[in-house]
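# Chain and residue survey
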Amino acid sequence: MKITAVDPFIMHLPLTASSIADSTHSITHWGVVGTRIRTEDGLEGWGFTGTHAHLASDRLITACIRDCYAPLLLGEDARDHRRLWKKLARNPATQWVGRAGITHLAVAAVDIALWDLAAKRADLPLWRHLGGATREHLDAYNTDIGWLSFGDDLLVDLCRKAVEEEGFRRIKVKVGHDNPMRDVRRLEAVRRAIGPDVTMAIDGNGKWDLPTALRFARAAEPLDILWFEEPLWYDDVASHAALARSSRIPVALGEQLYTLDAFRSFLDAGAVHFVQPDVTRLGGITEYIEVADLALAHRLPVAPHAGEMSQVHVHLSFWHPASSILEYIPWIKDHFAEPIRVVDGRYVRPEQPGAGTTPLAASLETHGKSLG
Ligand SMILES: [Mg+2]
């Protein structure tokens with residue numbers, strides 16, 4: 001099953017709103033940046049990472065795939081994808097210039113494409129190829145109703161609609177104003193609108209410092225918050241550990257962590273309660289599994305971050321026993337052969353062979369960008 005072609009691609013897909021912002025980021029499109037990998041038997045796998053649709057940096061990722069990794073992959077047996085992960089992620093020259101960042105996002109895209117190929121070769125959806133589902137139901141939580149850029153009335157209205165009209169029982173709301181008490185007031189209004197039985201998580205996207213997060217958390221504790229996501233700077237293990245010890249709101253993080261070792265540092269320090277790996281930031285599905293296993297060994301729940309808008313994580317969440325709930329952001333789903341689907345607040349299990357990463361030809365045509 002020799003690899004015969006590695007063809008990178010870039011798509012910039014519009015969001016459901018014209019633009020959104022959290023405390024740190026502001027975007028109008030989601031970047032789907034990755035590669036198709038073909039084998040001599042005519043099969044093809046697709047994998048991608050997620051970006052802010054900034055073409056110049058997206059081209060760094062596709063250049064890394066085309067110029068650095070394709071020569072290491074061509075002629076290799078695609079079935080040996082765990083060995084190929086090591087060949088790429090531990091390639092001395094590229095590791096020298098990045099054990100994280102561009103080179104690792106490129107590894108993610110390649111690794112996902114190789115798993116997609118493996119599941120397609122087995123003619124099974126990825127979750128079944130990995131060993132089958134460990135759960136009957138997978139609850140979705142809606143993030144797309146809670147952006148920081150939404151005015152207070154719109155935020156409350158969208159949260160209520162998600163619950164009352166779309167059947168979500170779990171939502172997430174962004175926080176991170178300069179005055180954290182403004183966020184407390186917004187969350188109080190949301191809680192009043194959705195009632196006591198709907199689960200509410202919150203996400204600070206790493207903006208605040210420890211004193212601000214502590215002050216906020218004390219005021220927000222009565223609101224029954226499932227988790228406080230990225231309360232502090234992404235790499236600051238000690239401050240997250242201090243917050244986790246001091247607050248009754250559980251800490252969630254992981255979407256900015258590139259490696260198994262980074263996750264281990266947070267877990268060893270007791271600095272995280274909900275573990276949030278992402279196949280598009282870690283080195284793909286291979287490293288995600290290692291992180292999910294690590295969480296399982298600590299008896300901590302996994303709640304993936306949706307850098308691929310849950311096209312892949314829905315498979316991994318039905319399969320891995322540490323999985324808890326899964327993020328829902330419907331930005332890119334309709335550009336894929338098998339879109340993610342949520343009914344009455346629960347994910348529908350995918351049934352098509354592969355990892356859910358095959359884009360529609362029409363979407364590639366319409367939203368594809370030149371690799372430069
Ligand atoms: Mg987040």
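Everything numeric here is computed off the predicted structure, so don't read it as measured data.

### Remarks on the overall build of the chain
Secondary structure summary: the chain contains 13 helices and 14 strands in total. In terms of overall size, the chain behaves like a compact globule, its C-alpha atoms giving a radius of gyration of 20 Å where 372 residues would be expected to give roughly 21 Å. When the backbone C-alpha atoms are referred to their principal axes, the chain occupies close to 60 × 40 × 40 Å. Relative to its 372 residues, the chain shows a buried fraction of 51%. In the chain, the proportion of contacts linking residues at least 24 apart, taken out of those at least 6 apart, comes to 71%.

### A closer look at the nonpolar core
Counting 114 residues, the largest nonpolar core has A109, I112, C159 and M200 as its most contacted members. By residue number, the principal contributor to this core is helix α4 (residues 102–121), which donates 13 residues. Once residues within four sequence positions are removed from consideration, C159 is found in contact with I145, G146, I171, V190, A193 and I194.

### Some thoughts on helix α2 (residues 81–89)
By the burial criterion, the buried members of α2 are H81, L84, W85, L88 and A89. Down the axis of α2, the buried set is contained in an arc of 120 degrees. They therefore lie on one face. Seen from the buried face of α2, the exposed residues on the opposite side, beyond 90 degrees, are R83 and K86. Elements that come into contact with the buried residues of α2 comprise α1 (55–73), α4 and α11 (284–297).

### Things to note about the sheet that holds strand β5 (residues 44–51)
Across a sheet, paired strands are connected by hydrogen bonds in the backbone, their directions being either parallel or antiparallel. Read from one edge of the open sheet, 3 strands run β1-β4-β5, paired in antiparallel fashion. Whereas interior strands pair on both sides, the edge strands pair on one side only; in this sheet they are β1 (3–14) and β5. On average, each strand axis in the sheet is tilted by 20 degrees relative to the strand beside it, whichever way the strands run. The pairing of strand β4 (residues 29–39) with β5 spans 8 bridges and is classified as antiparallel. By the bridge assignment for β5, V32 is matched with G50. Contacts from α4 reach β4 and β5 within the one sheet, and its direction differs from that of β5 by about 145 degrees.

### Description of the environment of T94
With respect to the secondary-structure elements, T94 resides in helix α3 (residues 92–97). Remark: the alpha-carbon pair of T94 and H104, spanning 10 residues in sequence, is separated by 9.3 Å. Other than its neighbours up to four places away in sequence, T94 contacts C68 and T103.

### As for the UniProt feature "domain: Mandelate racemase/muconate lactonizing enzyme C-terminal" (unreviewed entry) in the chain
UniProt's feature table lists "domain: Mandelate racemase/muconate lactonizing enzyme C-terminal" (unreviewed entry) at residues 152–250, given in the numbering used throughout. In the segment residues 152–250, helix accounts for 49% and strand for 15%; the C-alpha atoms at its two ends are 25 Å apart.

### Describing the packing of helix α10 (residues 260–268) against α11
Axis angle and axis distance: for two packed helices, these are the angle between their axes and the distance between the axes, and together they describe the pair. Direction vectors running N to C along α10 and α11 enclose 15 degrees, while the axes themselves pass 10 Å from each other. With respect to α11, the axis of α10 lies roughly parallel. For the element pair α10 and α11, the recorded crossing hand is right-handed. On α11, the residues that touch L260, F263, R264 and L267 of α10 are E287, E290, V291 and L294. The residue inventory of the contact of α10 with α11, partitioned by class, reads 5 nonpolar, no polar and 3 charged.

### Regarding the environment of K161
Residue placement: K161 occurs in helix α6 (residues 152–164). With 14 C-beta atoms counted inside 10 Å, the residue K161 sits in the partly exposed group. Sequence separation of K161 and T134 is 27 residues, and the distance between their C-alpha atoms is 31 Å.

### Focus: the packing of α4 against α11
Across the interface, α4 lies against α11 with an axial gap of 6 Å and an inter-helix angle of 95 degrees. On the basis of the axis angle, α4 is roughly perpendicular to α11. When α4 is examined against α11, the residues V107, A108, D111, I112 and W115 are found in contact with a partner set consisting of G284, I285 and T286. Grouping the constituent residues of the contact of α4 with α11 by class yields 5 nonpolar, 2 polar and 1 charged.

So, how was this worked out
- Residues numbered from 1 in each chain as written.
- Predicted model: local features only at pLDDT ≥ 70, side-chain atom pairs only at ≥ 80, totals over all residues.
- Helix = DSSP H or I, 4+ residues; strand = E, 2+ residues; numbered from the N terminus.
- Rg over C-alpha atoms; globule rule 2.2 N^0.38 Å.
- Buried ≥ 20, exposed ≤ 12 C-beta atoms within 10 Å, placed from the backbone.
- Contact = placed C-beta atoms within 7 Å.
- Core = buried A, V, L, I, M, F, W, Y, C linked by C-beta atoms within 7 Å.
- Arc of directions from axis to C-beta.
- Pairing = 2+ DSSP bridges.
- Axes fitted to C-alpha atoms, helices over the stretch in contact; angles between N-to-C directions.
- UniProt positions renumbered as here; feature names shortened; annotations may be inferred.
- Parallel < 35°, antiparallel > 145°, perpendicular 65-115°, else oblique.
- Left-handed = near helix turned anticlockwise from the far one by under 90°.
- Nonpolar A, V, L, I, M, F, W, Y, C, P; charged D, E, K, R; others polar.

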